[in-house]
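Commentary on secondary and tertiary structure
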Amino acid sequence: SSTAEVRGPDEDQGPGPALLAGDAAGEAARRRTFAVISHPDAGKSTLTEALALHARVIQEAGAVHGKAGRRGTVSDWMEMERNRGISITSSVLQFGYRDAVINLLDTPGHADFSEDTYRVLAAVDGAVMLLDAAKGLEPQTLKLFEVCRAGKVPIITVINKWDRPGKEPLELLDEIESTIGLKPTPVNWPVGIAGDFRGLLDRRTGEYVKFTRTSGGATVAPQEVFKPVEAAELEGVAWETAVEESELLEASGADHDQDAYIAEETSPLLFASAVQNFGVKQLLDVLVELAPAPAPRPTVKGDRRELDAPFSAFVFKVQAGMDTAHRDRVAYARVCSGVFERGMVVTHAASGKPFHTKYAQALFGRERSTLETAYPGDVIGLVNANALRVGDSLYVDKAVEFPAIPSFAPEHFSVMRAKDVGRYKQFRRGVEQLDQEGVVQVLRSDLRGDQAPVLAAVGPMQFEVSAYRMEHEFNSPVMMEPLEYTIARITDPDAADTLSRLPGAELMMRSDGTALALFLNKWRMMTISREHPGLRLDPLVGGA
Ligand code: GDP
C-alpha cells in the first residue's frame, strides 16, 4: 500500500474502451457521498466503524482506524507520513449497501482540526451531524454546521450515546431548532430515556426495534422487530411515552418533508448508540432512501455540468510530502460528471495542460490501491499531482470550470521566520509551497516584510505541520511567533492607512490578492467598525 508499489510502469497507457455516457447518470443515482460532522468525542470514529461493519466492508470494528490512528495526534500523523501511509485525515471509505454505493469522506476531527475539514464539505452531497446525547450542540459542530449551511449541504442528525444518561429527547430537538434554525424531523424515537435505552419506535412503520446489546459492539446486532401491541406488552410505560411523544411531534409538524430537508430547513433525526452498533442500520437506510445522490454541479458560467457530460472533477484536497524522496503529491478530486477511467488524459482547466492519470488511486482507510473506474460522487486520488491546486477543475472533451472552494475564516495567526537566514531561498520556496497547497494561508504586509510572513490557519495544527515540513521537506528550520489576533475580515487594500494607526488591528494581504483586516477580538473589531462606518468588513465562511 505504499506509493511506490502502486506506481505503474512508466510507459504510456492509452485510455481503455470508452464506457457509455449513460452509465454515469445511472451510477451517480446509486451514489451517496457524505461526511460526518461532529465535535471531538461525539463518536465519529465509532460510527464510521459501525457503518462499515454494517455494510460488511470490515469484519470486526476497529479495522478502519486501528488503535494508533484512533487518537490521531500530531506525532501519529507525522509517523504515518514517514511510513508513506495515508493518514486517517484523508481517508475515503467506499462500501456497498443495498443497491447503493456509499462514499464516506472522513474529516479530521481532533486537535488536527483545520481547513481540510471545511474543504471536504465542498466535496460531499450531504452530511451527518453527530451529537452526543449528553452534550447536544458543541462548538465544533456549530462551526461545521455553518459551513454546511453556506455550501447548501443537507443534514441528517444523529443523537449518539443514547445508552448513556443524557438530555431529554424533546429538549435536544428544541436546542437544535432554536440554536441553528434547523427543524428536526425524527425518523425514529427512543423508547426509554437516555441511559435506559430499550429500543426505537420507527415513526414511519409504527414498529418497535428492540435494542440488543452486543459484546463490545464488534458484531452487527441482531434486529428484533415487534408490532405496537407486542411493544406495549414488552416495554409498558416506556413504550406509551414514546408513542405519545411521537404523536406530539406529528401534531407540531415534525414529520419528514423531502423538499424541506434538501433546502436545509429540516433535518431527519435518528437516535443511536454507535458503540453498540444500534441505530446504525437505520441511518444507512435513511442515507439510501433520503440523502441526495450527486446532482449536476454548478459551473462558473452559471449553468450546470450534466452527470452524463464527459468526465469532469474538481480537486478539494492536496496532500504532499507522503513520499518526500519523490516530492510526492496526491490530489483528491471529486468526480462531477462522466466516467473516469485510469489512464485517461484529462485537461487541467487552470493551465490548459494535459494531466495523465495513470497513477489514480482508490482510497480506503489508510490503504491506497489502484483505481480503475469512478463515477460522479466518487473520489479519486491522483499521484504526482504537482500542478494541481485545491479548487482546480479537470475535464475531458468539453471544457468546464467549477467555482472556487471558499477559503475559510482563519482564527489563528503566527509569524514564521527562518532560523537560518542563509537559507532564505529554501524558506521562500517552502512558504510558497505551503501556500499553494493551502496548508495555511500566507499573509504579507509592507510593514512586516517578506522575511516574516504571517501564517493564518483555522486550527493550530496547521502551524505544527507547516513548521515540521519547512524543516524536513524544505531544509529550512523555522521559528514560530504566535500573534494575538483571533478574527479576520475581508476589507479593501486601501484600509491599510486606517488600520495601521489603530491598536489591536492590522491589514495584511493574502497571496490571492485579498486584503484581510485582522483584529484582536470581536469587541475590538466592533469598536473600530463603529468609529469607521465606511470600513468594509465582510466575513469569511465558517468564521466567528
Ligand atoms: P470521535 O472523537 O468523535 O471520533 O469519537 P470516538 O468514536 O473516538 O468516541 C469517543 C468516545 O466515546 C470513545 O470512548 C467511544 O467508545 C465512546 N462512544 C462512542 N459512541 C458511543 C456510544 O454510542 N455510547 C457510548 N456509551 N460511548 C460511545
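Structural notes, computed from the coordinates. Because the structure is predicted, anything quoted here is derived from the model rather than measured.

Describing the nonpolar core
- Within the largest apolar cluster, 139 residues are counted, with the highest numbers of intra-cluster contacts made by L121, A127, A272 and A333.
- Per-element tally for this core: the top contributor is strand β15 (residues 329-337), with six residues.
- Each residue touching A333, except ones within four places of it in the same chain, is listed here: A313, F314, V315, V379, I380, L382 and L394.

Comments concerning the sheet that holds strand β3 (residues 100-105)
- Read from one edge of the open sheet, seven strands run β2-β3-β1-β4-β5-β11-β6, paired in mixed fashion. Strands at the two margins of the open sheet, each flanked by one partner only, are β2 (92-97) and β6 (183-186). Taking each pair of neighbouring strands and ignoring which way they run, the sheet shows an average axis angle of 30°.
- Taken strand by strand, helix α3 (residues 44-54) contacts β1 (31-38), β2, β3, β4 (126-132) and β5 (155-160), and its axis lies near 155° from that of β1.

Observations regarding the packing of helix α9 (residues 228-235) against helix α10 (residues 237-251)
- For the pair α9 and α10, interaxial distance at closest approach is 6 Å and the crossing angle is 130°. Considered as vectors, α9 and α10 are oriented oblique to each other. Of the residues in α10, those touching α9 at A231, A232 and E235 are A238, W239 and E240.
- Among the residues forming the contact of α9 with α10, the class breakdown is four nonpolar, no polar and two charged.

With respect to the site of the ligand
- Near the ligand lie 16 residues; those nearest to it are G43, K44, S45, T46 and V275.
- Element by element, the count of residues in the shell around the ligand is highest for α3, at three residues.
- The residue makeup of the shell around the ligand, split by class, is four nonpolar, seven polar and five charged.

Side note on the pairing of β15
- The buried fraction of β15 is high, at nine of nine residues.
- Bridge analysis of β15 against strand β22 (residues 379-382) gives four bridges, and the strand direction is antiparallel. Bridging across to β22, A331 finds its partner in L382.

Remarks on unusual backbone geometry
- Not every positive phi belongs to a glycine, and K152 is a case in point at roughly 55°.
- Relative to the helices and strands, K152 is located in the loop between α7 (139-150) and β5.
- For K152, a count of 9 C-beta atoms within 10 Å corresponds to the exposed category.
- For D397, which is not a glycine, the phi torsion comes out positive at approximately 60°.
- Looking at the element boundaries, D397 is found in the loop between β23 (393-395) and β24 (412-418).

A short note on α7
- Taking 1.5 Å of rise per residue, twelve residues should cover 16 Å, and α7 covers 17 Å from first to last C-alpha, within 8% of that figure.
- Taken as a whole, α7 has its buried residues at T141, K143, L144, F145, V147 and C148.
- The positive-phi residue at the C-terminal boundary of α7 is K152, with phi of around 55°.

A word on the sheet that holds strand β8 (residues 199-202)
- If you walk across this open sheet you meet the four strands as β7-β8-β9-β10, and the pairing is antiparallel. If you trace the sheet from one side to the other, it starts and ends with β7 (188-191) and β10 (224-226), each paired once. Going across the sheet, the axis of each strand differs from the next one's by a mean of 30°, ignoring polarity.
- This element, α10, spans β7, β8 and β9 (208-210) of the sheet and lies at about 150° to β7.

A word on helix α13 (residues 424-437)
- Taking 1.5 Å per residue as the helical rise, α13 with its 14 residues ought to reach 20 Å, and the 20 Å between its terminal C-alpha atoms agrees with that figure.
- Among all positions of α13, only F427, G430, V431 and L434 are buried. Along α13, the residues classed as buried sweep out an arc of 100° about the axis, all on the same side.
- Buried residues in α13 make contact with β24, β25 (441-444) and α14 (461-472).
- Phi for G438, located one or two positions after α13, is positive at around 75°.

Digging into the packing of α3 against helix α12 (residues 280-289)
- Where α3 contacts α12, the axes come no closer than 9 Å and their chain directions differ by 75°. In terms of axis orientation, α3 runs roughly perpendicular to α12. Across from A50, L51 and H54 in α3, the residues of α12 making contact are V280, K281 and L284.
- For the contact of α3 with α12, a count of residues per class yields four nonpolar, one polar and one charged.

What counts, and at which threshold
- For every chain, the first residue of the written sequence is number 1, and numbering continues from 1 onward in sequence order.
- Reporting of local features is limited, given that this is a predicted model, to residues whose pLDDT is at least 70; pairs of side-chain atoms are given and counted only at 80 or more, and all residues count toward the totals for whole chains, interfaces and linings.
- To define a nonpolar core, we join buried Ala, Val, Leu, Ile, Met, Phe, Trp, Tyr and Cys residues through C-beta atoms within 7 Å and take the resulting set.
- Exposure in this text rests on C-beta crowding, where 20 or more other C-beta atoms within 10 Å of a residue's own make it buried, 12 or fewer make it exposed, and counts in between make it partly exposed. The C-beta atoms are placed from the backbone.
- Here a strand is any run of E in DSSP of at least two residues, a helix any run of H or I of at least four, and the numbering for each starts at the N terminus.
- Throughout, a residue-residue contact means that the two C-beta atoms, derived from backbone geometry, are no farther apart than 7 Å.
- In this description, strands pair whenever DSSP reports at least two bridges between them.
- For helices, the fitted line uses only the C-alpha atoms of the stretch in contact; every axis is such a line through C-alpha atoms, and the angle between N-to-C directions lies from 0 to 180 degrees.
- Any angle between 65 and 115 degrees counts as roughly perpendicular, while under 35 counts as roughly parallel, over 145 as roughly antiparallel, and the rest as oblique.
- Residues are sorted three ways: Asp, Glu, Lys and Arg are charged, Ala, Val, Leu, Ile, Met, Phe, Trp, Tyr, Cys and Pro are nonpolar, and all the rest, Gly among them, are polar.
- Being near a molecule or strand means, for a residue, that its backbone-placed C-beta atom lies within 6 Å of it.
- In this scheme, a helix's expected span is set at 1.5 Å multiplied by one less than its residue total.
- This arc describes the spread of directions from the helix axis toward the C-beta atoms.

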